[in-house]
Amino acid sequence: MSKKTEILISIISHTNIGKTTLARTLLRKDIGEINDAPHVTSEPERHVYLEGKDDVIWLWDTPGFGHVGKLLTRLERENGKIGWIMNEVVDKLFNRALYCSFSAARNVRARADIVLYQVNAQEKPEDAGYINDELKLLDALKKPVIMVLNRIDITSQFSVIDLKNLEKAYFSQFGHYKCLEKIMVLDAFSRNWLQELRLLNMILPLLEPAKGNGLSRLINIFQDQQNRVLEACAQAAAQVVLHTSHQRFTLEDDQDPEQVFRKLESELQDQIDAYVKHLIEQWSIESEGRAQFEADIKQVSGLTGNTYSEKEVGFLAGFLSGVLSGLAADIMAGGLSLGGGALLGGLIGGLGGFSVKKLIDRLKKDDVSWKNDALVEIFKRLLAIYILAEHHGRGKGTLALEEPAIFLSEAVNKIWPMLKSRVVNLIEDAQTNSRFENSLIDLFKYCVGEIEKELYS
């Protein structure tokens, strides 16, 4: 049996920048120790990043660089020759910072095909003097380096153009180092799988041919994995719309239409809850990661851009079921809650009015169902919730995002006018479209792709 083609990537950075956090979210599993302190990782640790039948990418989580001045001084004494670093003995207990720097440098020298050099993008490039010393050392190690910019608070002040300009600013400051091949934004949390794909494609031309061929095969596997997740989630979303479009309840003589509406609402709520659980499973959202996802769902209601008067909120809270405790406060704050009907309550509240007549149709004298406008809005909400799950589904283990992903809702809101007519036309043709479910799946995937372009290209 032939040995697998191995591609070795070392994550390097100044201490306490977030290497292990990045490694966790790339690997989508809980590894290493996270702590807001220097030199938490003291020995290199190897993990499988991507694996196929014939190929594997190993990801090395290395100790952080401390002060590398002593290494550079010794390097000058050795006339730039770096071989000595492999045999140097440093006391781990009494000079931990230097020991960790040596350990990281040895790992790169002996193991790495590619170095991911992580920096804190909250610092201005011209103010981060330590980066120059560390790139001088990496230059001497003669391995190709991709600088990845971490700690990007893209939830508020950054646009796609801002991120590209940030990459350019760092390249302008540090691009003269021979080892530095590329610079890209790759935040430990605020990213989508497409940015990981961009990283893999950056690495591809930097490898020798045999390893490049192996990486090409692994890239195909990676894309297939993500496409399968999208397909499964699109099917789940289509099932919600399909089920809702076929909901029918009979209005008995003298029955309050709002009672029938509550039946429709309750059944739809069950469908949406099942959809959310499906997304959580598909994107491996765990414990605190799930809690953060649920918190970020609150941002979805911002898509409508509506504000609610106290009277409107009171009316809405009055005709929705009694489990919606606190819904009025949520809506007045511009948010939603997950589960217990509150998610659906905010969804319905965004349909442009609170009259039951605007939400349901009378098919015959005694039958009621959802109107097409309501189905279109439900599709939009399912889409927005998917984008949230896709963004947060990093397998963070016990880690949690600190900021709500408002920018995701804003992106959906921005692109929606270009997508809405397709959704409207499809739902209006539902009765005559024999492929309605498949068409819903295809349209959902198309809409996701268009939103991803807005966010990540």
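Residues numbered from 1 in each chain as written. Predicted model: local features only at pLDDT ≥ 70, side-chain atom pairs only at ≥ 80, totals over all residues. Heavy atoms only, no water.

Draft legend 1. Main features of the overall build of the protein. Within the protein, the regular secondary structure consists of 16 helices and nine strands. Looking at the protein residue by residue over its 457 residues, the buried ones come to 54%. Here the analysis covers contacts within the protein between residues at least 6 apart in sequence; of these, 73% occur between residues at least 24 apart. Carbon and sulfur atoms make up 47% of the accessible area of the protein, which amounts to about 20400 Å² in all. (Helix = DSSP H or I, 4+ residues; strand = E, 2+ residues; numbered from the N terminus. Buried < 20%, exposed > 50% of the residue type's maximum accessible area, 1.4 Å probe, protein only. Contact = heavy atoms within 4.5 Å. Areas by Shrake-Rupley, 256 points an atom, 1.4 Å probe, with all protein chains shown as cover.)

Draft legend 2. Molecular detail of the sheet that holds strand E3 (residues 55-61). Read from one edge of the open sheet, six strands run E2-E3-E1-E4-E5-E6, paired in mixed fashion. Strands at the two margins of the open sheet, each flanked by one partner only, are strand E2 (45-51) and strand E6 (180-185). Sheet twist, expressed as the mean angle between neighbouring strand axes with direction ignored, is 25°. Two elements, strand E5 (residues 145-150) and E6, share five bridges in a ladder whose sense is parallel. Opposite Val-148, over in E6, you have Met-184 as the bridge partner. The sheet contacts of helix H6 (residues 193-203) involve strand E1 (5-13), E2, E3, strand E4 (114-120), E5 and E6, and relative to E6 the element is tilted by about 175°. (Pairing = 2+ DSSP bridges. Axes fitted to C-alpha atoms, helices over the stretch in contact; angles between N-to-C directions.)

Draft legend 3. Geometry of the pattern of salt bridges. For the coordinates displayed, the defined rule picks out nine salt bridges. Lys-53 is the partner of Asp-54 in a salt bridge, and the nearest nitrogen-oxygen pair spans 3.5 Å. With its nearest N and O atoms 3.1 Å apart, the salt bridge here joins Glu-450 to Lys-453. Pair noted here: Glu-450 and Lys-453 are both in helix H16 (residues 436-456), with a separation of three residues, about one helical turn. (Salt bridge = Lys/Arg side-chain N within 4 Å of Asp/Glu carboxyl O.)

Draft legend 4. Main features of the nonpolar core. Membership of the largest hydrophobic core comes to 84 residues, with the highest contact counts inside it found for Ile-57, Ile-146, Tyr-275, Phe-379, Tyr-386 and Phe-444. Among the elements that make up this core, the one with the highest residue count is helix H7 (residues 209-245) (14 residues). Every residue in contact with Ile-57, bar those within four places of it in the chain, is listed here: Ile-7, Ile-9, His-47, Val-48, Tyr-49, Leu-50, Leu-200, Leu-215 and Leu-218. With 38 residues, the next largest nonpolar core counts Phe-65, Trp-84, Ile-85 and Phe-174 among its residues. (Core = buried A, V, L, I, M, F, W, Y, C linked by side-chain atoms within 4.5 Å.)

Draft legend 5. Quick peek at the packing of aromatic side chains. Across all of its chains, the model carries five aromatic pairs by this definition. Seen in terms of ring centroids, Tyr-170 and Phe-174 are 6.1 Å apart; in terms of plane orientation they differ by 35°. Their pairing is tilted. Of this pair, Tyr-170 and Phe-174 both sit in helix H5 (residues 160-174), four residues apart, which is roughly one turn of the helix. Both residues of the pair, Tyr-170 and Phe-174, count as buried. Aromatic side chains Tyr-386 and Phe-444 sit 5.7 Å apart centroid to centroid with 80° between the ring planes, which places their arrangement in the edge-to-face category. Taken together, the positions of Tyr-386 in helix H14 (residues 372-392) and Phe-444 in helix H16 put the pair 58 residues apart, joining distant regions of the chain. Phe-444 matches Tyr-386 in its accessibility class, with the two residues each being buried. (Phe/Tyr/Trp six-rings, centres within 6.5 Å; stacked < 30°, edge-to-face > 60°.)

Draft legend 6. Molecular detail of the side chain of Glu-390. Residue position: Glu-390 is located in helix H14. Since its relative accessible area comes to 1%, Glu-390 is described here as buried. Apart from the residues lying within four places of it in its own chain, the contact partners of Glu-390 are Asn-192, Trp-193, Trp-283, Val-448 and Glu-452.

Draft legend 7. Region of interest: the packing of H7 against H16. Closest axis-to-axis distance for the H7/H16 pair is 8 Å, and the angle between their directions is 125°. As far as their axial angle goes, H16 and H7 are oblique. Judged by the sense of rotation from one axis to the other, the crossing of H7 with H16 is right-handed. When H7 is examined against H16, the residues Leu-230, Glu-231, Ala-234, Gln-235, Ala-237, Ala-238, Gln-239, Val-241, Leu-242 and Ser-245 are found in contact with a partner set consisting of Phe-436, Glu-437, Leu-440, Ile-441, Phe-444, Lys-445 and Val-448. Along the lines of polarity and charge, the residues of the contact of H7 with H16 split into 11 nonpolar, three polar and three charged. (Parallel < 35°, antiparallel > 145°, perpendicular 65-115°, else oblique. Left-handed = near helix turned anticlockwise from the far one by under 90°. Nonpolar A, V, L, I, M, F, W, Y, C, P; charged D, E, K, R; others polar.)

Draft legend 8. View of helix H1 (residues 19-27). Counting buried residues along H1, nine of its nine residues qualify, which places the element largely inside the surrounding structure. Three or more residues of H1 are buried, namely Lys-19, Thr-20, Thr-21, Leu-22, Ala-23, Arg-24, Thr-25, Leu-26 and Leu-27. Where the residues of H1 are buried, they touch E1, E2, E3, E4, E5 and H6. Positioned one or two residues after H1, Arg-28 has a phi angle of 60°, which is positive.

Draft legend 9. A look at unusual backbone geometry. One non-glycine residue, Lys-142, adopts positive backbone phi at about 55°. Within the secondary structure, Lys-142 sits in the loop between helix H4 (129-141) and E5. Taking the relative accessible area as the measure of exposure, Lys-142 reaches 68% and is therefore exposed.

Draft legend 10. The side chain of Lys-143, seen in detail. As for its placement among the helices and strands, Lys-143 is situated in the loop between H4 and E5. Despite its burial, Lys-143 pairs with no opposite charge, the nearest such side chain being Asp-113 at 6.4 Å. Reaching out from Lys-143, the side chain makes a polar contact with the backbone oxygen of Arg-109 at a distance of 3.1 Å. (Lys, Arg positive; Asp, Glu negative; His and termini not counted. Polar contact = N/O pair within 3.5 Å; in protein donor to acceptor, adjacent residues only side chain to side chain.)

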